[in-house]
Amino acid sequence: TIVEGNPWVQRCIMRPSSKYRWAWELSGLAIMGYQVYWIPFTVFDPPQFLLFALMQWTALAYWSLDVLMTFLTGYTRKDGVTEMRPWFIAQRYFKTWFLCDILFVSLDWLS
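Residues numbered from 1 in each chain as written. Predicted model: local features only at pLDDT ≥ 70, side-chain atom pairs only at ≥ 80, totals over all residues. Heavy atoms only, no water.

1. Regarding the overall build of the protein
Check the secondary structure of the protein and you find five helices and three strands. The C-alpha atoms of the protein give a radius of gyration of 17 Å, which is well past the 13 Å a tight globule of 111 residues would have. If you line up the protein on its principal axes, its C-alpha atoms span 50 × 25 × 25 Å. Every one of the 111 residues in the protein was classed for burial, and the buried ones make up 27%. Partitioning the contacts of the protein with sequence separation of at least 6, the portion at a separation of at least 24 is 67%. With the model as given, the accessible surface of the protein reaches about 8200 Å², and the carbon-plus-sulfur share is 71%. Considering the protein, the positive charge centre built from 9 side chains and the negative charge centre built from 8 side chains are found 12 Å apart. (Helix = DSSP H or I, 4+ residues; strand = E, 2+ residues; numbered from the N terminus. Rg over C-alpha atoms; globule rule 2.2 N^0.38 Å. Buried < 20%, exposed > 50% of the residue type's maximum accessible area, 1.4 Å probe, protein only. Contact = heavy atoms within 4.5 Å. Areas by Shrake-Rupley, 256 points an atom, 1.4 Å probe, with all protein chains shown as cover. Lys, Arg positive; Asp, Glu negative; His and termini not counted. Charge placed at Lys NZ, Arg CZ, Asp CG, Glu CD.)

2. Structural notes on the side chain of Arg21
Tracing the sequence through the fold places Arg21 in helix α2 (residues 19–38). Within the structure, Arg21 has its side chain in polar contact with the side chain of Glu25 (distance 2.6 Å). (Polar contact = N/O pair within 3.5 Å; in protein donor to acceptor, adjacent residues only side chain to side chain.)

3. Topic: the environment of Gly28
Within the element layout of this structure, Gly28 appears in helix α2. Classification of Gly28 as buried rests on a relative accessible area of 3%. Expressed as a C-alpha distance, the spacing of Gly28 and Trp63, which sit 35 residues apart in the sequence, is 8.0 Å. Aside from chain neighbours lying at most four places away, what touches Gly28 is Tyr62 and Trp63.

4. What about the packing of aromatic side chains?
Taken as a whole and judged by the stated rule, the model has twelve aromatic pairs. When the centroid spacing of 4.4 Å and the interplanar angle of 25° are considered together, the rings of Trp24 and Tyr62 count as stacked. Within this pair, whereas Trp24 is found in helix α2, its partner Tyr62 is found in helix α3 (residues 50–71), the two being separated by 38 residues in sequence. Considered together, Trp24 and Tyr62 belong to a single accessibility category, that of buried residues. Aromatic side chains Trp57 and Trp109 sit 5.9 Å apart centroid to centroid with 65° between the ring planes, which places their arrangement in the edge-to-face category. (Phe/Tyr/Trp six-rings, centres within 6.5 Å; stacked < 30°, edge-to-face > 60°.)

Laid out in structure tokens, this is it:
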């Protein structure tokens with residue numbers, strides 16, 4: 001069962017199991033893999049190459065947009081119903097990962 005809200009707003013909300021969301025998550029996994037590999041090397045102050053700078057900006061853009069994407073992605077409730085109403089999605093995000101996400105993205109932008 002899927003709970004949906006206003007049809008105009010609903011066009012912006014993705015189902016959690018949509019192929020677009022899966023593609024977004026796989027992109028995040030690739031970026032995370034790069035960061036897990038690269039971040040330890042930054043301790044040694046390696047020379048800056050264009051590719052590394054590009055990857056850093058790509059990662060920063062991804063994680064920043066991921067905050068927005070989370071607001072635009074439905075979720076499955078404990079009762080098995082997929083919640084697609086923006087207000088409920090936002091409430092859940094604020095109660096769970098929002099503070100952590102915004103803290104780390106903000107620290108990334110400040111560094």
